[in-house]
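# Coordinate inspection notes
Chain by chain, the residues run as shown.
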Amino acid sequence: MPDFHPRIIGFLCNWCTYAAADLAGSSKLELPPEFTVIRVMCSSRIDHNLILSTFYRGADGILVAGCHPGDCHYGEGNYYARRRFALLKKVMETLDLEPERLELRWVSAAEGNRYAEVVNEFTDRIRKLGPSPIRTSTRL
Amino acid sequence: MSETGTGKTEMTARVGVYLCECGPNIAGKIDLDKVMADILSESDRYRNVELVIRRYGFLCSGPGKQYLEDEIKENGLTHLVVAACSPRDHDSTFMGVCARTDLNPYLYRIVNIREQCSWVITDPEEATERAATYIRGSISRVLRQSSLFEKPLEINPDAVVIGGGAAGMEAALALSSDLRRVFLVEKSASLGGGCGITMPQEKAVIEDPNVDIYLETQMSSVIGFLGNFEIGLKSADGKDEEITAGAIILAIGSDYSDPQESGRISFSESDEVHILAEAERTLEAAGDLKLRDGTMPETIAVVHCVGREEQGYCSGVCCSSSLKLAAAIRRLSPETAVTSVYRDLCLPGADGENVLRMARESGVELIRTKGTSLSGMELDLEKMDGTSEKRSFDMIIPAAAIVPAADTVSLAEMLRIPLDEHGFFKEAHRMTDPAGTTTEGVFIAGTAHGPMSVMSSMRFARACAGQVLTRLVPGERIVPEVKVTEILEAYCTGCGNCLDVCVYGAIYADTDRGISVVNEAVCRGCGNCFASCPSGALRTRHFTNEQIFREVDEALR
Amino acid sequence: MNSIVMKQDASTAIRELLAYLLSSSRVDAVLTMRQVPETGSCDLGLITDPSGMVEAEPFLPVMTANAGQALSSISMSGKRIAAVLKPCELRGFTERVKREQGSFDNLLTISSICGGVFPLEKVISGDLEKLVPRYIEKTARAEAPRGLRETCKACEEFVPMNADISVSVTEHGSLMHLHSDRAEEYTEGFEGERIEARADQSHIDRMMKSRSAAKGKLFQSLEKSSGLDGLVDLFGKCVGCHGCSRVCPICYCQHCDFESINFDYNQPYFQESLEARGALRLPPDTILFQLGRLTHMSFSCVGCGMCSDVCPVSIPVAGIFKKTGERTAGLFDYVPGRDSEEPIPVMVFKEEELGDIG
Amino acid sequence: MAAVLPVGSDLSGAMNRFLKTILEKDIVDAVLMPMKVPSGDSFAWIIMSDSSIVDDAEAMAPVMPVQGARALRSLTRKGEGSIRVLALMRPCEIRAAIELSKLGQVKTENLILAAYDCPGAVPMDSFVSDPSSGEDLFRKMLAGEDVSAGEVKPSCTSCVEFSMTDADLHFGHFGLGGTEVLLIPGSPKGMEILEALELPADRETSIWDEAVRKRREKQVASRDAAFEETGENIRGVQGMLNVFADCISCRNCRAACPICYCRLCHFESETAKQDPNSRLDSAVTRGGISLPADRMLFHTGRMTHMSLSCVSCGQCSDACPADIPVAQVFSFVADRTQKAFEYSAGRNDGDPLPLRSFMKSELSGIHEMVSDAEPGGHAHE
């Protein structure tokens, strides 16, 4: 699939990972053009409907990233996010809906390099996976 | 408003889209003219929307801001999109520009085409395309944004300090020095707390006209938020009182672990075993340490690190205290032989080595062991060379670990503050807000926060006082977060998911109506509750799913 | 009226027309029934790629959803869409347009004289393959095929009222009637002989005769629905799933009032009622919901029959609504879905009307 | 240990008499139980304070048209009440009620939840079309006679929680030959009722235990087979599309579900609906979409919303006009998600709802869950 340009959405928490993205930006690190950043206040803001809808609307991959556990700007948000994520992942796994297209990562404000690594690695993974069957089905 | 053919009146939006060149930072990579042309070519996608789209050198510069302000006014913009840099850099700059016009700052949106496009995407064409996508997403999103209005609140600049120990008194004095009224609430019958010595602040606090001291009193209830707390006090004789204050400083101190907890130490009540803090107090008050029968002990052992393994942390201050006490005993009664039994000496800071030297010079015997156990008055010393030795002493002073005070849990629940893994109050953020908590307006000072020296306790106390002084300035009003969550009552079924996950205690249940209710002044807008609600009965303002979906849809085209 | 003579059967001809509209970029998307070979099932497809048209079965005698309802929000996108709708779906859509839930602005509607559709269970049991050929044969002769939905058997509005293009299948062949300028414009260049023709009235009359008879029988069987006892008898087994309202093209509310806090009672209310009556049914308001829906929408009921299809306890919902609807709409000389310009009766009034209605 | 209720000729009748007695003796203020509807082809939940009405009711109904927990929800969700109500229901209905009580939808303070050994239920559509054979069938099921699996609600044939003693009071009759019913108290509330009736709980229950155990063994095997089949059918997007091919988006499944307590389903709200323009964009990228849109989103979304609390009552399948095996799929997914969180829906064990709580030291390897796996058969380095 040489011409496959995946559509990847990254939901980033305002306080840690979005700041890391800024740091990656000001460090002029190279990032893939297929990756779209959407800023939210906390990883705990991401609900199941948002993720699933984003898949059904045609995303090939979704990355959710926020502060490391224990470092949440709001105290404990990311612990709840982690549980919700685990549930969603379990449902996708059970239905064999390619759970590897969904990823949760913790990236702190200081980790600009890590941010670039995570994004590049995830984008590579999705490139290899090819288009999501949800995006290509005419029956949905 | 415009009249349509059907005679219906429809709203027309005028969206201004301004692209910042940021010198070469953006314009050097992204073909801004192409972006503008692309977006204009698709303007029929938006019903009843007129687009004004322009580029400018540096929008964040003085002339740039003036240009933007003039544009908003001249074009009668109803919505504004600024494609520039990170919102973390200039969101507030452009919101400020909006505020000088009739445009509500929440009908504006910044698009980050610098950190997320021009600086990171190598290929200029791709960067240009990506920038257009981001901008389209923002145009689409801004049309779904709503005006939000900040509601400044009057504040109460007074503070309540819970705990009359070193930290509490220091905080009270620091606040009082700026003429703030302070309610100093102490559970016991006297000030001083657990630091073992009479603090010089005690007299000053008692005499301070700005400080109201409540002895034998505890906090029994609290409602409200930064600038407006209502606090219930209950005294030992059962009297209830309610006070109001703008901030709460928790300086409830700590306790010591029970030395016998580990099982390696056992003694009976009649044995001459006294924990370090007790011994310090006695020495401070009486000038010497006597046995119960009134005689002077001939031998004393101070045992370090009691409880360290059980608690799983080093209390950090006891080695220094133990050595200081040992040296003091030697100084005050040179006939008494003092032995310090330690495993690892923890003497941080510039003064640490001095303490050790002082102890050595005063003739304290230092024994390093792999482990020590105690039975009655006999210590079993497991020496470093593998041998063990049993020695009896007239008096044994274990340096017990510092552990959370008994009230920590109930206060944490009352104030909705999380505890750290050892059970101490947890700060809002280790690095950025070490004295604050997740409940705005509640601060932690002293060992309520974790083991620390008296000096550190007082530093924290001053930090807390500083926070109160800067956050609650008399006469100024505070603007609560407006991007908070609201409950759509019509859809709420009162399941309580949101209530359980809210870190701030900003949501409560109205059982009669069978719904949940948000206290918007306490809410900080993280959106955790939103994600917990299956009904979509919550809406986190400015970050609604509807708005986010606009961005998603444009990105996925 | 200008009509196009179809060389093949109506389905093939319309499929070709739709493909023509897509590939000539006259429309951006096509709404039609289609077959789903992977599952042997069928669904309503919104097709944008002309190659997808091979699956289209524009006149499949099946209704998996009222297409008028499905088209509703899509029609507001500003994109040009051609939609194949059954007459009742088109009327349902028209009623929605009156309620700002859809738009004719960029829409080309195609409909046909409708022979009725089979109930959902026939689709699911996979009988369709057997049924369809016989259906086509019978309807061409204006006869009622066996196994149709009760609602369809009794439907007298089987002739499309306001389509841009209507198809009539008669013994003399299939015709595509062009009713509007848009129809003329869009079909320009599409192959086929143009003639001046109307639908075969005798064919329609024959269909009407059997429909009227069936309707009479249906309404008669529902006579017991009058009076409270009758209603309890009919709706007593209603499980309150409200599926009928969700599939109804007229029930456009995002949130039904009967599911709102207005019908959410406090415990003390139940206690008082229980004291007064000795027994209560839970959850409450089963009959109230049905009565409420009758007053909310019966005058606009287009008789599409989806409500009966989804009822898990086989209540003849569509018949009851149709029967009541004819009476309520009749009060105002209103024909639901006839014309998008015709105002909804309860949204207007005339000073001189209704007299003493007490 | 249990008290004993003698049965004359009719099991259901004996239970009716028991309920009548507790009403007459004012041990409870009202009883909630099924009663046949006037047209005779279904049952409805009736709460009755007048003991004479109990005669017209049926302790154990052949069908479950409305999940009992929904009836309890409408009664107790809002406001404070004081009447003591005994609700006699199937175990899956009691479990749903317990789950709903954790979700603030049912208040159990004044409720006595009573369950009975459930032989399964007759599917609604077959009962409605022929009530009398439905009743005959149910009598056979109660008597423990063999009936063909196709006649019973599919979820009942693989139900492993058909006999539940987490209720305040349980009516056990399996293995007792229809001569008596065991009254098994499951809580102090249940015990109080027995005491008020002066019924000593002194009978040991081994025969019943054994009968329940045997039945459970059989049901577990049948459930495991059902899971395996469902797991095979539901694989991947195409699997979902196959299973839900005939879904017409009527949402009856969610309306019938006791756990779906939302007033307005998120997936029916304006928020969840895609903007028409974007919807067409999606159609264009794919070449076509199916309408009504978002069927799959609805089903997968509902799984994430309620599978942790799913009690596998099978109401969703019963209400589906397209005969989609909704319940089989949801039970299967629920089994997996509940296991992942070591949670069991409908248990009265004080376990908090998984998404409302967390442990700091858990799920730490959540990202590795995938990173270590080889995505979709492609090598990932």
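Right, let's walk through the structure included here.

Rules and cut-offs
- Every chain's residues receive numbers from 1 upward, in the order its sequence appears when written.
- Key to labels: chains lettered from A, ligands numbered from 1, both in the order written.
- Totals for whole chains, interfaces and linings use all residues, but because this is a predicted model, local features are given only for residues with pLDDT of at least 70 and pairs of side-chain atoms are given and counted only at 80 or more.
- The basis for every side-chain value is the complete set of heavy atoms in the structure, and neither hydrogens nor water enter the calculation.
- Here the term patch refers to residues with relative accessible area over 30% and no salt bridge, with like charges joined within 9 Å and nonpolar side chains (Val, Leu, Ile, Met, Phe, Trp, Tyr) within 5 Å.
- Here the accessible surface of atoms and residues is derived via Shrake-Rupley with a 1.4 Å probe, and residues count as covered only by protein chains that are part of the display.
- Salt bridge, as used here, is a side-chain nitrogen of Lys or Arg placed within 4 Å of a carboxyl oxygen of Asp or Glu.
- In this tally Asp and Glu are treated as negative and Lys and Arg as positive; neither His nor the chain ends contributes.
- Note on charges: their place is set at NZ of Lys, CZ of Arg, CG of Asp or CD of Glu.
- Where helices and strands are cited, they refer to DSSP runs of H or I of at least four residues and of E of at least two residues respectively, numbered from the N terminus.
- Only strands that DSSP links by at least two bridges are regarded as paired with each other.
- The axes are straight lines fitted to the C-alpha atoms, using for helices just the contacting stretch, and the angles between their N-to-C directions are given from 0 to 180°.
- In what follows, residue pairs with any heavy atoms lying within 4.5 Å of each other are defined as contacts.
- Here the buried area means the combined drop in accessible surface, using a 1.4 Å probe, for two parts upon being joined, counting both sides.
- Per-residue accessibility, obtained with a 1.4 Å probe over protein chains only, is compared with the maximum for each type, and a residue is labelled buried under 20%, exposed over 50%, and partly exposed between these values.
- Pairs of cysteine sulfur atoms within 2.5 Å are what we label disulfides.
- Pairing of N or O atoms within 3.5 Å defines a polar contact, subject to two protein rules: one partner must be a possible hydrogen donor and the other a possible acceptor, and residues neighboring in sequence count only if both atoms are side-chain atoms.
- Only Asp, Glu, Lys and Arg are considered charged in this grouping, and only Ala, Val, Leu, Ile, Met, Phe, Trp, Tyr, Cys and Pro are considered nonpolar; every other residue, Gly among them, is considered polar.
- Note on terminology: angles under 35 degrees are roughly parallel, angles over 145 are roughly antiparallel, angles of 65 to 115 are roughly perpendicular, and the others are oblique.
- In this scheme the crossing of two helices becomes right-handed for a clockwise turn of the near helix relative to the far one and left-handed for an anticlockwise turn of less than a right angle.
- Assignment of crossover handedness uses the view with strands pointing away from the viewer, where a clockwise path from the first strand over the helix to the second indicates a right-handed crossover.
- Side-chain rings of Phe, Tyr and Trp, where Trp is taken by its six-membered ring, are said to pair if the distance between their centres is within 6.5 Å; with planes under 30 degrees apart they count as stacked, over 60 as edge-to-face, and otherwise as tilted.
- Here, a charge over a ring means that NZ of Lys or CZ of Arg falls within 6 Å of the ring centre while also lying within 35 degrees of the ring normal.

### Considering a negative patch on the surface
Together, C:D181, C:E184, C:E185 and C:E188 give the surface a local cluster of negative charge. Take C:E185: it is sitting in helix α7 (residues 181-187).

### Details of the sheet that holds strand β8 (residues 159-162) of chain B
All names here are of chain B. Taken together, 5 strands build an open sheet; the order of strands is β10-β9-β8-β14-β24 and the sheet is parallel. Both edges of this open sheet fall to β10 (211-214) and β24 (442-444), since each of them pairs with a single strand only. Neighbouring strand axes in the sheet, compared pairwise and without regard to direction, differ in orientation by 20° on average. As paired elements, β8 and strand β9 (residues 182-185) share 4 bridges and run parallel to each other. Residue pairing across strands places I162 opposite V185, the latter belonging to β9.

### Considerations on the interface of chain C and chain D
Chain C puts 59 residues into the contact, and the matching count from chain D is 66 residues. Across the chain C to chain D interface the summed buried area is about 5,100 Å²; carbon plus sulfur atoms make up 59%. When residues of chain C are sorted by the area they lose upon contact with chain D, C:Q254, C:Q267 and C:L282 head the list and together hold 13% of the total. Summed over the shared surface of chain C and chain D, the number is 4 salt bridges.

### Re the pattern of salt bridges
Enumeration according to the criterion identifies 98 salt bridges over all chains in this entry. The salt bridge involving B:K73 is made with B:E69; its shortest N-O contact spans 2.8 Å. Taken together, the residues span about one helical turn, with B:K73 and B:E69 both in helix α3 (residues 62-75) at a distance of 4 residues. On the accessibility criterion, B:K73 (47% relative accessible area) is partly exposed. Put simply, D:R213 and D:E210 hold a salt bridge, and the shortest N to O gap is 2.8 Å. Placement of the pair is D:R213 and D:E210 together in helix α8 (residues 206-233), with a separation of 3 residues, close to one helical turn. Classification of D:R213 by relative accessible area gives partly exposed; the value is 39%. Residue D:E210 is classed as partly exposed on the basis of its relative accessible area, which comes to 33%.

### Focus on the state of the cysteines
In total, this model carries 1 disulfide over all chains according to the counting rule given. Disulfide pairing is shown between A:C16 and A:C67; the S-S distance is 2.4 Å. The S-S bond linking A:C16 to A:C67 shows a torsion near 100°; that makes this disulfide right-handed. In this pair, A:C16 is assigned in the loop between β1 (8-13) and α1 (17-26) and A:C67 in the loop between β3 (61-66) and α3 (77-94), connecting sequence segments 51 residues apart. Of the residues examined, A:C16 reaches a relative accessible area of 9% and is grouped as buried. With a relative accessible area of 3%, A:C67 lands in the buried category. In this model B:C492 remains outside any disulfide bridge; the closest cysteine sulfur is found in B:C498, 6.2 Å from its own.

### Thoughts on the interface of chain D and chain A
Residue-level contacts link 55 residues of chain D with 45 residues of chain A. When the two sides are added together, the surface that chain D and chain A hide from each other amounts to roughly 4,600 Å², 64% of it contributed by carbon and sulfur. Between chain D and chain A we count 2 salt bridges in total. A:D96 is the partner of D:R235 in a salt bridge, and the nearest nitrogen-oxygen pair spans 3.0 Å. Summed over the shared surface of chain D and chain A, the number is 17 residue pairs in polar contact (both at pLDDT 80 or more). Of all the elements, helix α12 (residues 295-306) of chain D adds the most residues to the side of chain D that touches chain A, at 8 residues. Taken together, the residues that form the side of chain D that touches chain A break down as 25 nonpolar, 21 polar and 9 charged.

### As for the packing of helix α11 (residues 318-332) of chain B against helix α12 (residues 352-361) of chain B
All names here are of chain B. Contact geometry of α11 with α12 gives a least axis separation of 9 Å together with a crossing angle of 30°. With respect to α12, the axis of α11 lies roughly parallel. As α11 packs across α12, the resulting crossing turns out to be left-handed. Of α12, the residues touching α11 (which contributes S320, L323, K324 and A327) are V355, L356, M358 and A359.

### Observations regarding the pairing of strand β5 (residues 107-112) of chain C
Residue and element names in this part refer to chain C. When you tally the buried positions in β5, you get 6 out of 6 residues, the bulk of the element. Burial of the side chains of β5 extends over both faces: L107, T109 and S111 are buried on one face and L108, I110 and S112 on the other. Across 4 bridges, the pairing between strand β4 (residues 81-84) and β5 is parallel. Bridge pairing in β5 links V84 to I110. In this region the chain leaves β4, passes through helix α3 (residues 87-98) and returns to the parallel neighbour β5; the handedness of that crossover is right-handed.

### A few points about the sheet that holds strand β3 (residues 43-48) of chain D
Picture the strands of a sheet paired through backbone hydrogen bonds; they go either parallel or antiparallel. Judged by pairing direction, the sheet is mixed, and its 8 strands sit side by side in the order β9(C)-β3(D)-β2(D)-β4(D)-β5(D)-β6(D)-β7(D)-β1(D) without closing on themselves. A strand with exactly one partner marks an edge of an open sheet, and here the two such strands are β9 (279-282) of chain C together with β1 (3-6) of chain D. The average undirected angle you get between the axes of adjacent strands in this sheet is 30°. Here β9(C) runs beside β3(D); their pairing, made up of 4 bridges, is antiparallel. When the bridges of β3(D) are listed, C:A279 appears paired with D:M48. Sheet strands touched by helix α1 (residues 11-24) of chain D: β1, β2 (30-36), β3, β4 (85-89), β5 (111-116), β6 (169-172) and β7 (180-185) of chain D. Its angle to β2(D), the strand with the most contacts, is close to 145°.

### Here we look at the packing of aromatic side chains
Counted according to the given criterion, the structure contains 22 aromatic pairs over all chains. Centroid distance A:Y80 to D:F358: 4.9 Å. Interplanar angle 80°. Geometry classified as edge-to-face. Highlighted residues: A:Y80 in helix α3 and D:F358 in the loop between α14 (326-340) and α15 (368-371), drawn from two different chains. With respect to burial, A:Y80 and D:F358 carry one shared label: buried. Centroid distance C:F258 to C:F289: 5.8 Å. Interplanar angle 90°. Geometry classified as edge-to-face. Remark: C:F289 occurs in helix α12 (residues 286-297) and C:F258 occurs in the loop between α10 (243-247) and α11 (267-277); sequence separation between them is 31 residues. Aromatic ring contacts, followed pair by pair, group A:W15, A:Y74 and B:Y504 into a single cluster. The ring of B:F530 has A:R45 lying over it, and the distance from NZ or CZ to the ring centre is 4.1 Å.

### Some points on the environment of C:C155
Within the secondary structure layout, C:C155 lies in the loop between α6 (150-153) and β6 (165-170). Taking C-alpha positions, C:C155 is 26 Å from C:S180, a pair spaced 25 residues apart along the chain.

### Some points on the environment of C:L228
Residue and element names in this part refer to chain C. Here L228 is to be found in helix α9 (residues 227-235). Residue L228 is classed as exposed on the basis of its relative accessible area of 58%. Along the chain, L228 and I287 lie 59 residues apart, while their C-alpha atoms are 9.2 Å from each other.

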